[in-house]
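Coordinates in review
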Amino acid sequence: MIEARNLSVAIGRKRIIENIDFQARPGELTAIVGPNGSGKTTLLRALSGDLPFTGQASINSRPFETLKPWQMANIRAVLPQATSLAFPYTVREIVRLGLTSGYSGAGSHDIETLPDRALAMVDLEGFSGRFYQELSGGEQQRVQLARVLCQVWQPVLDGEPRYLFLDEPVSSLDIKHQLIIMRIAKSFAEEGGGVIAILHDLNLTAMFADRIVMMHRGRVDAAGEPRDMLSDDRILRVYECALKVGVLPGSGAPFVLPQSAV
Amino acid sequence: MLMRTEFVRTIADGAGPQHGDRSGMARGVIALLAVLLIATALFSLTAGASDASAWGLVKYWLFSTELSQRDRLIVMDIRLPRIFMGVLIGSALAVSGAVMQGLFRNPLADPGLVGVSSGASVGALATIIFGGTVLAPAAAVLGIYTLPVMAFLTSLVTTFLLYGIATRRGQTSVATMLLAGIALAALGVALTGALIYIADDRQLRDLMFWQMGSLAGATWTKIAASGPIILLSLIAAPFLGRGLNGLALGEASAHHLGIPVQRLKNVAIVTVAAAVGASVAMSGGIGFVGIIVPHLLRLVIGPDHRYLLPASALLGSILLLLADAVSRTIVAPAELPIGIVTALAGAPFFLWILLRRRGIVDL
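Quick notes on the rules
Along each chain, numbering runs from 1 in the same order as the chain's sequence is written. For this description, chains carry letters from A and ligands carry numbers from 1, given in the order in which they are written. The model is predicted, so local features are restricted to residues of pLDDT at least 70 and side-chain atom pairs to those at 80 or more, both for listing and for counting; the totals for chains, interfaces and linings are taken over all residues. Helical segments are the DSSP runs of H or I of at least four residues, strand segments are the runs of E of at least two, and each set is numbered from the N terminus. Remark: residues whose backbone-derived C-beta atoms lie within 7 Å of one another are considered to be in contact. As a reference, a globule follows 2.2 Å times the number of residues to the power 0.38, and the radius of gyration itself is taken over C-alpha atoms. Counting other C-beta atoms within 10 Å of each residue's C-beta, where C-beta atoms are placed from the backbone, gives the exposure class: buried for 20 or more, exposed for 12 or fewer, partly exposed between. For our purposes the nonpolar core covers buried Ala, Val, Leu, Ile, Met, Phe, Trp, Tyr and Cys residues that link as a set through C-beta atoms within 7 Å. Two strands are counted as paired when DSSP detects at least two bridges linking them. Orientation is described by axes fitted as lines to C-alpha atoms, over the contacting stretch for helices, and by angles from 0 to 180 degrees between their N-to-C directions. All residues other than Ala, Val, Leu, Ile, Met, Phe, Trp, Tyr, Cys, Pro, Asp, Glu, Lys and Arg, Gly among them, are scored as polar; the first ten of these are nonpolar and the last four charged. UniProt positions are given in the numbering used here, feature names are shortened, and annotations may be inferred rather than shown by experiment. Small angles under 35 degrees read as roughly parallel and large ones over 145 as roughly antiparallel, with 65 to 115 read as roughly perpendicular and the rest as oblique. Whether a crossing is left-handed or right-handed is set by the direction in which the near helix is turned from the far one by less than a right angle, anticlockwise for left-handed and clockwise for right-handed. pLDDT is a residue-level measure of predictor confidence that goes from 0 to 100. Multiplying 1.5 Å by the helix residue count minus one yields the expected span of that helix.

**As for the overall build of chain B**
A tally of helices and strands in chain B yields 15 helices and 2 strands. Counting contacts in chain B only where the partners sit at least 6 residues apart, residues at least 24 apart contribute 79% of the total.

Right, dumping it as structure tokens:
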């Protein structure tokens, strides 16, 4: 489990997030949602070990401060929002960087084919010889996901769950690939790993998330299951937008249409 | 972002059984460059104003035949140290260029362009001029190492300043880096100018030649002084390869891959400063090797630093030996400073890189 207690981050004198209590359990896809500037990315960056914070944070019951960078890299992989490169690396060379920590969990026999399998998963079969810089933004994002998947290929290794941190993994993707990527994340969680994803699309969130953490002005507004979290009054308060939350017949899953804005 | 040429695409596509894997090709290129370097070094032994022959030398080494006193002097005390110095300096300049470009994540970062070489010059000049007076205590302790160590220290300060100015919260601004580099280089030129102004006539002629960059003054003593520092930086470089590949994704992503980013950056900066400082101490500023060599190699073997760094050392040595051969034959029996040769060839090449990137990648 990834757990944070009383977590605050200040950049300069400005407090970006304050007194966050946060949990992400293995076996679940935890979505962080909230309006622009609510502190979602700052929270994820603190949990990735990129930002100094006050308060406690632990991963599988081990406090962050006791873990070296390479030990963290064995437990969690992080997908950034976008990555641009200055040098002409091929797609394969980028995906192989995911094997840097040498703890992907694939057998030594499979390690050479791992980049190809990861690329096939993100629907980029046959792209390994292309130059990364030639690809579209959405394709680049999927190459980076393939790299991240290589880093923690086995969701559970030696009995220890591992984690994917995804910062807006589908923001630059078309609808088909949004679904493919969300299914990859979901199945990583179903196989025993943990997923933390920052998402903007409330419908994809409702469809795939096991738990939603709603951020508002640098604090956690509430956390819980999608059907409890997505309500008319909470969306009005957090997003300042009067939307009607609908309920899908059958599954009972909530959905939000922008057309319902009053 | 479409900046690739068909030429490069063909190379990448044809790179072995697994598409996009250029490591086999890179190893082949490194082996080829090693052979070429040996050939170039042998050629350099024979080329020059005197006609001391390579064959006489081979016979001398293999069969212990007699070598004339004159040939022995020319080969052992003039050409051989010169070749050693060319190899040391060429590899130092090319590797420091490649490491710096990896560190700043930009193919235009070159120690000569962004003021690191000027920084080293200040330390070296100060040692030449004040070695007998203000710096005498340091000179007493460091002996022949005073010059390279002083040049290393001032280039280290320059590199740290440059990195501190250009990088903020893990983001390196290329515009800031280049502009700060211009400012630091200008400051270095001003300081060296001031030092030259107070130099006496005896020092002045040496300084001018040294500043233009030349291998002409190669001696075993100079090599003994600067060589170890360069060798240390060349030994450190291979350990940077994996880390610099991760750093290409940005500092945060490198950290997420488990790379100790802060240590990597420190080692990279010290490596660059040591290589540049020691080579400037030996021969003055020799420009453009650090930008041309890694750029050419990236076109052929790709930017994987595990292969780029050793290949740069080899190609840098080869190019510098060739430039030196040109510099001492083109106006024979006189010599052109080698810095002029590399600048004449390198500056147009640098403009070509800029033209290729213009409008495609934001500088």
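**What about the overall build of chain A?**
A tally of helices and strands in chain A yields 9 helices and 14 strands. For a compact globule of 262 residues, the expected C-alpha radius of gyration is about 18 Å, and chain A comes in at 18 Å, within 12% of that figure. Along the first, second and third principal axes, the C-alpha atoms of chain A reach 55 × 40 × 35 Å. Taking all 262 residues of chain A together, the buried fraction comes to 46%. A sequence separation of at least 24 residues applies to 66% of the contacts in chain A between residues at least 6 apart.

**Details of the nonpolar core**
Where a protein is soluble and globular, its nonpolar side chains tend to be buried together. A146, L164, A185 and I196 of chain A together with V95 and A278 of chain B are the most contacted members of the largest nonpolar core, which totals 167 residues. With sequence-adjacent residues up to four places away left out, A146 of chain A is seen in contact with V95, A118, L119, M121, V122 and L124 of chain A.

**Some thoughts on the environment of L232 of chain B**
Residue and element names in this part refer to chain B. Relative to the helices and strands, L232 is located in helix 10 (residues 220-247). On the basis of neighbour counts, which here come to 15 C-beta atoms within 10 Å, the residue L232 falls in the partly exposed class. Once the C-alpha coordinates of L232 and L204 are considered, the two residues, 28 residues apart in sequence, prove to be 32 Å apart.

**Focus: the sheet that holds strand 10 (residues 194-198) of chain A**
All names here are of chain A. Taken in spatial order, the 6 strands of this open sheet run 6-9-10-3-11-12, and their pairing is mixed. Two strands lie at the open edges of the sheet, namely strand 6 (76-79) and strand 12 (219-224), each paired on one side alone. Adjacent strand axes in the sheet meet at a mean angle of 15 degrees, parallel and antiparallel pairs treated alike. As paired elements, strand 11 (residues 211-216) and strand 12 share 5 bridges and run antiparallel to each other. Bridge pairing in strand 12 links V213 to A223. Together, strand 3 (29-33), strand 9 (163-167) and strand 10 form the strand contacts of helix 6 (residues 175-190), whose direction differs from that of strand 10 by roughly 150 degrees.

**Some details on the sheet that holds strand 2 (residues 14-24) of chain A**
Residues and elements named next belong to chain A. On the basis of which strands lie adjacent, the open sheet formed by 4 strands has the order 2-1-4-5 and antiparallel pairing. Because the sheet does not close on itself, it has two edges, and the strands there are strand 2 and strand 5 (62-63). As defined by bridge partners, strand 1 (residues 2-11) adjoins strand 4 (residues 54-59) across 5 bridges and the pair is classed as antiparallel. Along strand 4, the bridge assignment pairs I2 with I59.

**A word on the interface of chain A and chain B**
Listed by partner, the interface residues are 29 residues for chain A and 30 residues for chain B. Contributions of two or more residues to the side of chain A that touches chain B are made by helix 2 (69-75), strand 6 and helix 3 (91-96) of chain A. Of the residues forming the side of chain A that touches chain B, the biggest block, 4 residues, is contributed by helix 2 of chain A. The class makeup of the residues in the side of chain A that touches chain B is 15 nonpolar, 10 polar and 4 charged.

**Observations regarding the UniProt feature "domain: ABC transporter" (unreviewed entry) in chain A**
With numbering matched to this structure, UniProt assigns "domain: ABC transporter" (unreviewed entry) to residues 2-242 of chain A. The distance separating the terminal C-alpha atoms of residues 2-242 of chain A is 33 Å; by composition the span is 33% helix and 27% strand.

**Topic: unusual backbone geometry**
Despite not being glycine, R217 of chain A has its phi angle at roughly 50 degrees, a positive value. Of note, R217 of chain A is situated in the loop between strand 11 and strand 12.

**Examining the packing of helix 2 (residues 23-46) of chain B against helix 14 (residues 305-329) of chain B**
All names here are of chain B. Across the interface, helix 2 lies against helix 14 with an axial gap of 9 Å and an inter-helix angle of 25 degrees. Judged by the inter-axis angle, helix 2 sits roughly parallel to helix 14. Seen from above, helix 2 lies across helix 14 with left-handed handedness. Contact residues: S23, A26, V29, I30, L33, A34, L36, L37, T40, A41 and S44 in helix 2; Y307, P310, A311, L314, L315, S317, I318, L321, L322, D324 and A325 in helix 14. Of the residues in the contact of helix 2 with helix 14, the class split is 17 nonpolar, 4 polar and 1 charged.

**Some thoughts on the environment of I340 of chain B**
Relative to the assigned elements, I340 of chain B resides in helix 15 (residues 338-357). Residues I340 of chain B and A323 of chain B lie 17 residues apart in sequence; the distance between their C-alpha atoms is 9.5 Å.

**Digging into the packing of helix 4 (residues 69-104) of chain B against helix 12 (residues 261-283) of chain B**
All names here are of chain B. Interaxial distance between helix 4 and helix 12 falls to 9 Å at its minimum, and their mutual angle equals 150 degrees. Relative to helix 12, helix 4 is oriented so that their crossing is left-handed. Counted together, M85, I89, A92, L93, V95, S96, V99, M100 and L103 of helix 4 and K265, A268, T271, V272, A275, V276, A278, S279, M282 and S283 of helix 12 form the full contact between these two elements. Looking at side-chain class alone, the contact of helix 4 with helix 12 contains 14 nonpolar, 4 polar and 1 charged residues.

**Considering the confidence of the model for chain B**
Residue and element names in this part refer to chain B. Mean pLDDT over chain B works out to 82, with 85% of the residues at or above the 70 mark. In the model of chain B, helix 1 (residues 6-13) stands out as the element of lowest mean pLDDT, 44, in contrast to helix 14, which has the highest, 93. The model gives residues 1-17 a pLDDT under 50, and that stretch makes 29 contacts with residues more than four places away or in other chains. Model confidence for the complex is summarised by a pTM of 0.87, with the ipTM given as 0.92.

**A short note on the pairing of strand 6 of chain A**
Residue and element names in this part refer to chain A. In strand 6, alternate side chains face the same way, and those of R76 and V78 on one face and A77 and L79 on the other are all buried. By the bridge criterion, 4 bridges tie strand 6 to strand 9 in an arrangement that is parallel. Paired with R76 across the bridge in strand 9 is Y163.

**Here we look at the environment of A109 of chain B**
All names here are of chain B. Counting through the fold element by element, A109 comes out in the loop between helix 4 and helix 5 (116-130). C-alpha of A109 to C-alpha of L178: the two residues are 69 residues apart in sequence and 7.8 Å apart in space. Setting aside residues no more than four positions away along its own chain, A109 makes contact with M100, Q101, F104, V114 and M177.

**What about the pairing of strand 1 of chain A?**
Residue and element names in this part refer to chain A. As defined by bridge partners, strand 1 adjoins strand 2 across 7 bridges and the pair is classed as antiparallel. Within strand 2, the position partnered with I11 by the bridge is K14. Here strand 1 folds back onto strand 2 in antiparallel fashion, the turn holding 2 residues, of which G12 has a positive phi close to 65 degrees.

**Points about helix 5 of chain B**
Residue and element names in this part refer to chain B. With 15 residues, helix 5 extends 21 Å from end C-alpha to end C-alpha; this agrees with the ideal 21 Å at 1.5 Å per step. Burial analysis of helix 5 places 12 of its 15 residues in the buried class, which makes it a mostly covered element. Those residues of helix 5 that fall on the buried side of the exposure criterion are V116, S117, S118, G119, A120, S121, V122, G123, A124, L125, T127 and I128.

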